[in-house]
Amino acid sequence: MKKWISYGIFCLLIPAVVICGTVLFPAKRYAWVSLCVALLSCLPVFLQFERKSVDAKRLILIASMTALSVLGRILFTPIPAFKPVTALVVITSMYFGSEAGFLTGSLSAVISNFWFGQGPWTPFQMFGWGILGFIGGLLAKRLKHSRILLALYGAIAGVLYSAAMDIWTVFWADGAFNLSRYIAILASSLPFTAIYAVSNVIFLLLFCKPIGKILERVQIKYGL
Amino acid sequence: MKAFANIHPLVEMTYFMSVLIVSMFFSHPVLQTEALIGGILFCAALQGKKAARDIGFYLTLFLMVAVTNPLFSHNGVTPLFFLNGNPVTLEAVLYGVLLAVTVIGVLLWCKAYGEIMTSDKFLYLFGKAIPKLSLVLSMALRFIPAYLRQSRRVSRAQKAMGLYSGKSITDRVKNQARVFIAMISWSLENAMETSASMKARGYGKKGRTNFSLFRFYASDGVLLCLCLLLFMIPIMGAACGITRFTFYPRVDKIETTPAAIVVYAAFGMLALLPFILEVKEAIVWNCYRSKI
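Residues numbered from 1 in each chain as written. Chains lettered and ligands numbered in written order. Predicted model: local features only at pLDDT ≥ 70, side-chain atom pairs only at ≥ 80, totals over all residues.

**Let's talk about the nonpolar core**
Part 1: A:Ile91 and B:Ala140 are the most contacted members of the largest nonpolar core, which totals 125 residues.
Part 2: At 15 residues, the largest contribution of residues to this core is made by helix H4 (residues 90-116) of chain B.
Part 3: When residues are assigned to domains, this core turns out to be shared by domain 1 (7-123 + 215-291) and domain 2 (130-200) of chain B, each giving three or more.
Part 4: Those residues within four positions of B:Ala140 in sequence are excluded, and the remaining contacts are A:Ala63, A:Thr66, A:Ala67, A:Leu107 and A:Ile111. (Core = buried A, V, L, I, M, F, W, Y, C linked by C-beta atoms within 7 Å. Buried ≥ 20, exposed ≤ 12 C-beta atoms within 10 Å, placed from the backbone. Helix = DSSP H or I, 4+ residues; strand = E, 2+ residues; numbered from the N terminus. Domains from an automatic or database assignment. Contact = placed C-beta atoms within 7 Å.)

So, in structure tokens, the structure goes:
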């Protein structure tokens, strides 16, 4: 039953929102429509998580990984855009699966924005970090074996994240997609994009081994 | 002054959602201005003098959004002047101003939401619908201050061991990373212990009861009905096409039919509701004080 709800969201609700958005709002307020879509895209994973009988260990593990990535974002506040959140989310999903990665990513976005400012961008960050974690979980086996692939994934994730957030900025500032503004924003956020990508690579390479060891040990010791 | 914070969370949530929906989806100058004014007054009432600190930030943002729109958008039929051969049109300028008003209005309302809807209210509202996620959320929120404290302890201990961090960026990153890794194994061990304790106390068993301090008074019911009524009027207005307002190719005239005025008044009332409540509370409070 719940499975059908998640399919329903993807197949019916999201297109419905998009169509209603374009029909009802002649000024093409894509920003708000895309906001609803971002929120709806997070729902299936959340519903799935609620439906399953999850034991307390897994629950609290996700909570503490979330708290750790928020802590990382707070600890590294002095260096702008240089944050270990993506790296931690990817490492979580590598060891505990796609779902845990998605939840850690999206909840980190919600919670860390209590510190860094809640706003209409929150759903985008939720979906952005969530999906980066989800994909990391799908690639888990390969990412664990090859450090080159891991670094590559980190770099691509940083660039994609930045480019996606820039699309949102254009929607927000323009109400519609404006290519020249998008290019201008892409160019002006280039340093940030570079720092995102570089910090992801650094943190993934730096953290992968030691954190992986800790997580594996916890898995064996407590039978996760 | 936090009269609005003492209302039942359900009413508060309904209120914020209705204001945010209107201010996000309606691109009408009157409604947007009302939302902005309501947001400014609400934040000022909530934060007092602290709110004045952010004025600079909001003004810069306002100018950035308002000025950049005509630079990137050349729609409209009334050119004001030409820049690099591209027309800067009156319509684009006005649309930029409206966008800036919307953006800042939504930001202010989000800020007020953050002040009013504290995590305990959020969990009270959604604890039944999404029990596991809200448990994860509340645990993570509780972990963060604890982890911050612990990370300070770890960092002090490492300093005492002679692991100083230099001034250079690589050194700082390395130092933070070292503290962070130590934090991870500590926090996971801690988490596993907590989960064992939860299990021992019967987490996941049926028949669990909740405790909360929130009570739904008659006045909350009245406020909820008022809020829904005031929200429905602009929605009806949108359905009848009253709130339709376009900037391109030419700016529409603002409608002044009786129906349109009812819509403006209703949303104005909705946007100002918390401010009115705060002012009323302040007056009542002063009245009581003067009687003493």
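So, next bit.
**Focus on the interface of chain B and chain A**
Part 1: Counting from both sides, the interface comprises 48 residues of chain B and, opposite them, 44 residues of chain A.
Part 2: Put simply, the parts of the chain that give the side of chain B that touches chain A at least two residues each are helix H1 (9-25), helix H3 (55-72), H4, helix H6 (131-160) and helix H7 (169-200) of chain B.
Part 3: A per-class count over the side of chain B that touches chain A returns 32 nonpolar, 13 polar and three charged. (Nonpolar A, V, L, I, M, F, W, Y, C, P; charged D, E, K, R; others polar.)

**Details of the pairing of strand S1 (residues 79-83) of chain B**
All names here are of chain B.
Part 1: Along S1, only zero of the five residues are buried, which leaves the element largely exposed.
Part 2: Pairing analysis gives four bridges linking S1 to strand S2 (residues 86-89), with the strands arranged antiparallel. In the strand pairing of S2, phenylalanine 82 is matched with proline 87.
Part 3: The turn joining S1 and S2, which pair antiparallel and follow one another in sequence, is formed by two residues; a positive phi near 50° is taken by asparagine 84. (Pairing = 2+ DSSP bridges.)

**Overview of H7(B)**
Part 1: The end-to-end C-alpha distance of H7(B), which contains 32 residues, comes to 46 Å, matching closely the 46 Å that a straight helix rising 1.5 Å per residue would cover.
Part 2: Taken as a whole, H7(B) has its buried residues at B:Val179, B:Phe180, B:Met183, B:Ile184, B:Ser187, B:Leu188, B:Ala191 and B:Ser195.
Part 3: Tucked inside the fold, the buried residues of H7(B) contact helix H3 (56-75) and helix H10 (190-222) of chain A together with H6 of chain B.
Part 4: Backbone geometry just after H7(B) places B:Gly202 at a positive phi near 85°. (Expected span 1.5 Å × (residues − 1).)

**Quick word on the confidence of the model for chain B**
Caution applies to low-pLDDT regions: their predicted coordinates should not be interpreted in detail.
Part 1: Per-residue confidence for chain B gives a mean pLDDT of 85; residues scoring 70 or more make up 99%.
Part 2: Predicted complex, confidence summary: ipTM 0.83, pTM 0.75. (pLDDT = per-residue confidence, 0-100.)

**What about the domain arrangement of chain B?**
Part 1: As assigned here, chain B comprises domain 1 (7-123 + 215-291) and domain 2 (130-200).
Part 2: Placing a centre on the C-alpha atoms of domain 1 of chain B and another on those of domain 2 of chain B gives a separation of 40 Å.

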